[in-house]
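The chain contents come next:
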Amino acid sequence: MTLDSKLSILADAAKYDASCASSGTTKRNSREGGIGSTTGAGICHSYTPDGRCVSLLKILLTNYCIYDCLYCINRASSGVQRARFTVEEVVNLTLDFYRRNYIEGLFLSSGIIRNPDYTMESVVEVARRLRVDHGFRGYIHLKTIPEASPALIAEAGRWADRLSINVELATQPDLDRLAPEKNLQRIETSMGAIKGRIDEFKTERKKFSNAPPFAPAGQSTQMIVGATGATDSAILNQASHLYGKHRLRRVYYSAFSPIPDASNKLPLASPPMVREHRLYQADWLLRFYGFQVSELAGETAPNLDLAVDPKMAWALRNPAEFPVNINRAPRETLLRVPGLGVRNVDRILAIRRWHRLRVDDLVRLRVSLKKTLPFIEVADHRPSLIGPALPAPAPFKLKQMDLFGPPVSVASGQL
Amino acid sequence: MITLTVPPTFAGWRSAARKALQEGIPPGEILWEEAGGDAPLLDLFTLEPALPASIQSPVRVPPAFMELAKRVACHRAPTRWAILYRALWRITHGEPHLLDVFVDSDVHQLMGMDKAVRRDVHKMRAFVRFREVTHPEGVWSVAWFEPAHLIVELNASFFVDRFAGMRWSILTPDRCVHWDGESLGFSPGVDRSAAPGEDAVEDLWRTYYSHIFNPARVKIHAMQAEMPKHYWKNLPEAALIPDLLRAAPGRVAEMLSRSLIKSAPAESRETIISEVADWESLKESASTCQACPLYKNATQTVFGEGPRSARIVLLGEQPGDQEDIQGRPFVGPAGQLLDRALTEAGIDRKECYVTNSVKHFKWEPRGKRRIHEKPNKTEVSACKPWWKAELALVRPSVLICLGATAAQTVFDRDVRVLAERGTVVETVHAAKTLITVHPSSLLRISDPEQREHAYRRFVEDLTLVL
Ligand code: SF4
Ligand code: SF4
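What counts as what
Positions within a chain are numbered from 1, following the residues in the order the chain's sequence is written. Written order determines the labels here, with chains lettered from A and ligands numbered from 1. Whole-chain, interface and lining totals are the exception, using all residues; otherwise, since this is a predicted model, local features are given only for residues with pLDDT of at least 70 and side-chain atom pairs are given and counted only at 80 or more. Each side-chain value is worked out from all heavy atoms of the structure, with water and hydrogens disregarded. Note on conventions: DSSP H or I runs of at least 4 residues are helices, E runs of at least 2 residues are strands, and numbering of each starts at the N terminus. Each residue is assigned to one of three classes by its accessible area relative to the maximum for its type, calculated with a 1.4 Å probe on protein chains only: buried under 20%, partly exposed between the two thresholds, exposed over 50%. Here a residue-residue contact requires only that any non-hydrogen atoms of the pair lie within 4.5 Å. Note on areas: these come from Shrake-Rupley sampling with a 1.4 Å probe, and a residue is covered only by the protein chains present in the view. A pair of cysteine sulfur atoms is labelled a disulfide when the two atoms are within 2.5 Å. Domain delimitation in this document rests on an assignment produced automatically or drawn from a domain database. When two parts are put together, the accessible area they lose, computed with a 1.4 Å probe and summed over both, is reported as buried area. The working definition used for a salt bridge is a side-chain nitrogen of Lys or Arg within 4 Å of a carboxyl oxygen of Asp or Glu. N or O atoms within 3.5 Å of each other form a polar contact, as long as, within protein, one can give a hydrogen and the other can take it, and as long as residues adjacent in sequence are counted only when both atoms are side-chain atoms. Charged residues are taken to be Asp, Glu, Lys and Arg, nonpolar residues to be Ala, Val, Leu, Ile, Met, Phe, Trp, Tyr, Cys and Pro, and polar residues to be all remaining types, Gly included. Here, any two strands with at least 2 DSSP bridges between them count as paired. Between N-to-C directions, angles cover 0 to 180 degrees, with each direction set by a line fitted to C-alpha atoms, over the stretch in contact for helices. Nonpolar cores were defined as sets of buried Ala, Val, Leu, Ile, Met, Phe, Trp, Tyr and Cys residues, with membership established by side-chain atoms within 4.5 Å. Within a predicted model, pLDDT stands for the predictor's per-residue confidence, ranging from 0 to 100. Aromatic rings from Phe, Tyr and Trp, with only the six-membered ring used for Trp, were paired whenever their centres fell within 6.5 Å, and each pair was classed as stacked if the ring planes differed by under 30 degrees, edge-to-face if by over 60, and tilted otherwise. Cation placement over rings: the criterion is NZ of Lys or CZ of Arg within 6 Å of the ring centroid and within 35° of the ring normal.

Visitor: Describe the overall build of chain B, and please don't skip the residues or the numbers.
Guide: If you tally the helices and strands in chain B, you get 18 helices and 14 strands. The 466 residues of chain B split such that 52% are buried. Nonlocal contacts in chain B, meaning residues at least 24 apart in sequence, comprise 71% of its contacts between residues at least 6 apart.

And the structure:
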């Protein structure tokens with residue numbers, strides 16, 4: 001099989017992994033030798049017509065897999081075409097692409113061949129050769145197999161900027177049904193071990209600037225949405241648990257899509273794409289806006305509203321919190337106003353020390369007046385009435401949101 | 001009023017601004033003019049740390065302002081020098097916090113220019129594509145890039161950090177930067193023809209690009225927001241975009257037909273189809289549509305036709321026998337009747353866009369003839385994305401629904417044409433949406449007097465949208 005056909009198959013198999021981030025790692029350059037640099041901010045070197053950024057060479061080492069996770073296109077029982085790269089091929093491909101400035105680095109994942117350790121060894125070997133033999137200073141993200149031995153995971157963290165283990169489904173009963181080989185307990189144990197090493201590295205780094213790094217860009221995970229009955233509340237609670245306990249940098253959400261000749265344990269239809277989008281918004285609110293899961297998706301309404309964004313939905317449920325005075329309210333309160341993002345909140349805080357904000361100023365800040373005005377007071381505006389005057393939720397627009405994703409799995413190459 | 005002619009560089013502006021400030025010349029009295037010449041824009045190695053020390057003034061200029069000024073100096077707008085000086089003046093004359101007031105008009109303009117420059121710097125880091133050429137000393141990597149602003153100097157150290165072990169040049173129309181493995185050099189801008197041709201690895205890169213793309217999630221606008229079209233000509237992968245888009249609906253239709261979803265695949269195709277921006281690609285995608293079984297027994301897809309700027313769109317039911325053979329809508333007997341009625345109503349068919357709710361001919365054999373059969377709900381809804389995309393391109397002010405199938409697919413409900421004909425309402429598709437009968441229904445009336453009467457009413461209906 002030619003390199004070109006392998007690349008087609010193994011890129012196809014990797015594309016349903018949502019992550020392509022190359023940010024948040026330590027700063028490096030190649031002035032002392034080797035090749036590559038990282039600045040801390042990621043760079044998207046291209047964009048595909050699906051609107052996604054191409055930052056890393058995102059491929060599987062192989063899509064052969066001995067496991068049979070029902071939602072995955074690479075599962076043992078799937079009829080998909082298989083291929084396998086050699087370690088050498090991945091190393092050269094990464095360097096060839098990097099030297100031409102196509103990519104920031106490599107995101108390597110793999111189906112499980114022979115056994116978890118064997119697979120993990122090959123994945124780690126790619127990273128080791130890049131770092132040691134070629135002095136590669138670019139970004140490396142490795143997907144980690146929770147069943148692999150701790151020594152291998154430790155070595156992976158030694159070479160990689162980021163490690164990830166996909167949780168896939170929010171609860172163990174869901175995993176038991178769809179991915180019988182996966183065990184939440186074991187996944188969490190591995191995440192905990194990775195967190196421990198990252199913490200150790202951070203402490204060491206304070207003492208010795210040349211302490212060997214360990215996954216300086218942290219760890220991330222991905223959850224499939226809509227393959228089981230798990231509610232948004234369950235999914236967000238799991239995310240918030242993982243952020244808190246294992247200090248994950250990111251949780252990615254990926255809308256489930258039915259796959260050809262799928263098992264009858266899977267639903268026939270995918271969830272609306274907008275659900276994935278709402279989960280990302282809610283996730284953002286948890287991490288940067290001081291919201292709790294229970295405020296966004298609680299017992300009475302365990303799923304996010306598809307028609308309005310979660311912050312607006314919260315505001316509509318809590319009219320007593322409004323109006324907020326833009327010229328006086330503290331940061332935490334401003335962050336809860338629909339239509340105000342972190343950046344604009346910080347700008348407002350800087351501006352209002354010198355100048356009382358008016359509606360015109362909000363226009364200059366490109367704040368959406370339609371969203372924001374009903375909830376705020378500025379020098380020349382107060383909302384007439386809170387309650388009846390609140391905007392009716394916009395009708396749920398179908399355009400821009402594909403209700404049905406691809407009929408192949410959204411999850412692939414998840415180790 | 002005095003005119004200050006400065007080299008269009010940060011250093012040039014800075015020394016002039018420093019003098020003007022020492023002399024106490026207010027911004028309103030200076031006219032800033034750019035001197036010609038090809039001086040380097042930023043003298044990276046001789047920059048002094050900050051202005052205040054050198055102007056011997058107790059007033060401090062925040063370092064943030066100098067950083068900002070360095071970047072704004074790389075913007076192409078000739079007004080930048082005057083705005084920078086005005087801001088500097090205000091900062092040193094009682095408004096030290098000026099930069100915090102983002103909504104101030106000067107600050108807002110500076111921030112806007114700064115943002116444009118920073119974005120350009122970022123895009124250069126992203127979109128430079130090296131091609132390897134052989135050179136007496138070994139491999140040399142050469143790229144051609146067209147920056148929006150004068151950022152080559154500003155960005156050079158990024159590329160040195162990243163590719164210090166390589167030898168490379170980045171050519172641009174403004175300035176060129178070279179790294180020979182040890183030192184950095186600049187030279188005047190060159191023409192595109194100086195850039196090297198293909199690099200063999202680009203084929204692999206294109207393979208990667210087309211396979212990492214998910215045809216089921218087309219979002220062209222999101223892509224173009226980050227990768228505007230003017231960058232495309234220098235990106236080897238961008239040449240694939242039109243083909244990827246053209247093939248996407250077909251790839252999805254094929255995936256969907258293999259999938260287990262039996263109900264309503266139309267919505268997902270709708271998103272994809274609605275993103276296909278030009279009519280030719282739309283027509284081409286429709287020509288391979290297999291989203292419902294009707295394609296199997298028909299000769300070809302009969303897509304709409306007419307000017308893309310038409311004010312009026314006519315939507316029928318489906319192509320008939322003649323249309324199926326000729327591949328054009330409304331060319332059979334019903335079409336001829338329609339032409340006549342339109343003329344009588346004072347409408348020129350050549351100025352209308354004419355299409356159908358369903359794009360393939362559905363028929364039953366009767367002897368040697370193919371007899372029209374009404375499309376069912378599933379087929380009508382499978383075909384809906386096509387006419388919706390046509391309407392989204394044409395954006396008519398008038399939409400005429402000919403017959404029940406058209407009216408039902410437009411209004412998404414059961415429409416009794418005889419009861420509702422002749423009503424004009426506003427819909428999302430057109431300000432005036434009219435329901436009337438299908439001309440073929442007139443052909444089926446055998447009594448000549450009744451037929452004539454029905455024809456008159458049809459013409460009357462058509463005049464309602466004039
Ligand atoms: S998710 Fe991973 S382990 Fe499961 S089948 Fe897919 S590739 Fe194999
Ligand atoms: S009738 Fe419409 S939906 Fe069905 S195959 Fe033809 S073009 Fe596609």
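The discussion continues.
Visitor: Tell me what's going on with the overall build of chain A, and back it up with residues and numbers.
Guide: The number of helices and strands found in chain A is 14 helices and 10 strands. Residues classed as buried in chain A amount to 58% of the 415 residues present. Sequence-distant contacts in chain A: of pairs separated by 6 or more residues, those separated by 24 or more amount to 69%. Here chain A displays about 16200 Å² of accessible surface, and carbon together with sulfur accounts for 52% of that area.

Visitor: Got a sec to walk through the state of the cysteines? Specific residues and values, please.
Guide: Going through the model one piece at a time under the given rule, you end up with one disulfide over all chains. Disulfide partner of C44(A): C53(A), at an S-S distance of 2.4 Å. As the torsion about the S-S bond is roughly -90 degrees, the C44(A)-C53(A) disulfide counts as left-handed. The structure places no disulfide on C74(B), whose sulfur is separated from the nearest cysteine sulfur, that of C176(B), by 16 Å. Judged by relative accessible area, C74(B) falls into the buried class, the value being 2%. Just so you know, C352(B) is unpaired, no disulfide at all, and the nearest cysteine sulfur is the one on C401(B), 14 Å from it.

Visitor: Outline the domain arrangement of chain B, listing residues and values.
Guide: How big an interface is tends to be expressed through the accessible area that disappears when the partners come together. Residue and element names in this part refer to chain B. As far as domains go, chain B holds domain 1 (2–123), domain 2 (128–194) and domain 3 (294–463). At the interface, 15 residues of domain 1 touch 13 residues of domain 2. Buried surface at the junction of domain 1 and domain 2, summed over both partners, amounts to about 1500 Å²; 59% is from carbon and sulfur atoms. The interface formed by domain 1 and domain 2 includes one salt bridge. Across the pair D174 and R76 runs a salt bridge, and its minimum N-O distance is 2.8 Å. Seen at the junction of domain 1 and domain 2, the total is eight residue pairs in polar contact (both at pLDDT 80 or more). A total of five residues in the side of domain 1 that touches domain 2 trace back to one element, the largest contributor, which is helix α5 (residues 105–127). In the side of domain 1 that touches domain 2, the residues fall into eight nonpolar, one polar and six charged.

Visitor: Account for the sheet that holds strand β3 (residues 56–60) of chain A, with residues named and values stated.
Guide: All names here are of chain A. Reading across from one edge, β3-β4-β5-β6-β7-β8 is the order of the six strands in this open sheet, with parallel pairing throughout. Edge positions in the sheet fall to β3 and β8 (250–255), since each of these pairs with one other strand and no more. Within this sheet the neighbouring strands show an average axis-to-axis angle of 20 degrees, counted without direction.

Visitor: Account for the interface of chain B and chain A, naming residues and giving values.
Guide: Taken together, the 68 residues of chain B in the interface contact 68 residues of chain A. Roughly 6200 Å² of surface becomes buried between chain B and chain A when both sides are summed, with 62% attributable to carbon and sulfur atoms. Interface area lost by chain B to chain A is led by R162(B), Y208(B) and R217(B), which between them contribute 13%. Across the contact surface, chain B and chain A share six salt bridges.

Visitor: Explain the nonpolar core residue by residue, including any values.
Guide: In globular proteins that are soluble, nonpolar side chains generally tend to be buried together. Residues I59(A), F97(A), Y253(A), W168(B) and Y208(B) are the most contacted members of the largest nonpolar core, which totals 162 residues. A per-element tally of this core places helix α2 (residues 87–99) of chain A first, with seven residues. Those residues in contact with W168(B) that lie beyond four places of it in its chain are F130(B), W140(B), S141(B), A156(B), F159(B), V160(B), F163(B), V177(B), H178(B), W179(B) and L184(B). If you look at the next biggest cluster of nonpolar residues, it comprises 53 residues, including C289(B), I312(B), L338(B) and L402(B).

Visitor: Mind laying out the confidence of the model for chain B, listing which residues take part and the relevant values?
Guide: Residue and element names in this part refer to chain B. With 89% of its residues at a pLDDT of 70 or more, chain B shows a mean pLDDT of 87. Below a pLDDT of 50 lies the segment residues 40–55, which in the model reaches 34 contacts outside its immediate sequence neighbourhood of four places, other chains included. Within the model, pLDDT remains below 50 along residues 257–265, and this stretch shows 10 contacts once partners closer than five positions in the same chain are excluded. Reported for the predicted complex are a pTM of 0.73 and an ipTM of 0.87.

Visitor: Kindly report on the sheet that holds strand β5 (residues 168–171) of chain B, identifying the contributing residues and their values.
Guide: Residue and element names in this part refer to chain B. Reading across from one edge, β3-β4-β5-β6-β7 is the order of the five strands in this open sheet, with mixed pairing throughout. Both edges of this open sheet fall to β3 (131–135) and β7 (184–188), since each of them pairs with a single strand only. Each adjacent strand pair in this sheet contributes to an overall mean axis angle of 25 degrees, direction not counted.

Visitor: Residues and numbers for the pairing of strand β9 (residues 352–356) of chain B, please.
Guide: All names here are of chain B. When you tally the buried positions in β9, you get five out of five residues, the bulk of the element. Burial along β9 is two-sided: C352, V354 and N356 facing one way and Y353 and T355 facing the other are all buried. Bridging between strand β8 (residues 312–316) and β9 involves five bridges; their strand directions are parallel. Bridge pairing in β9 links G316 to N356.

Visitor: Describe the packing of aromatic side chains, naming the residues involved and giving the relevant values.
Guide: In this description, a pair of aromatic rings is defined by centroid distance and the angle of the planes. Inspection of every chain in the model, using the stated rule, returns 22 aromatic pairs over all chains. Considering the side-chain rings of F10(B) and W13(B), the 6.3 Å spacing of their centres and the 35 degrees angle between planes classify their relative orientation as tilted. With a gap of three residues between them, F10(B) and W13(B) both fall in helix α1 (residues 10–23), about one helical turn apart. Each member of the pair, F10(B) as well as W13(B), is classed as buried. Through successive ring pairs, a cluster of aromatic residues spans Y98(A), F136(A), F130(B), F158(B), F159(B), F163(B) and W168(B). Taking the ring centre of F102(B) as reference, the NZ or CZ of R347(A) above it sits at 3.7 Å. We note R308(B) situated over the ring of W279(B); from NZ or CZ to the ring centre the distance is 4.1 Å.

Visitor: Tell me about the pattern of salt bridges, residues and numbers included.
Guide: Summed over the entire model, instances satisfying the criterion amount to 61 salt bridges over all chains. Close ionic contact of E198(B) with R131(B) constitutes a salt bridge, the shortest N to O distance being 3.9 Å. Of this pair, E198(B) sits in the loop between β7 and α7 (201–212) while R131(B) sits in strand β3; the two residues are 67 residues apart in sequence, bridging distant segments of the chain. Ionic pairing is found between E364(B) and R366(B), a salt bridge with its closest N-O pair at 3.7 Å. Taken together, the salt bridges that share partners define one network made up of D96(A), R99(A), R100(A), E132(B) and D199(B).

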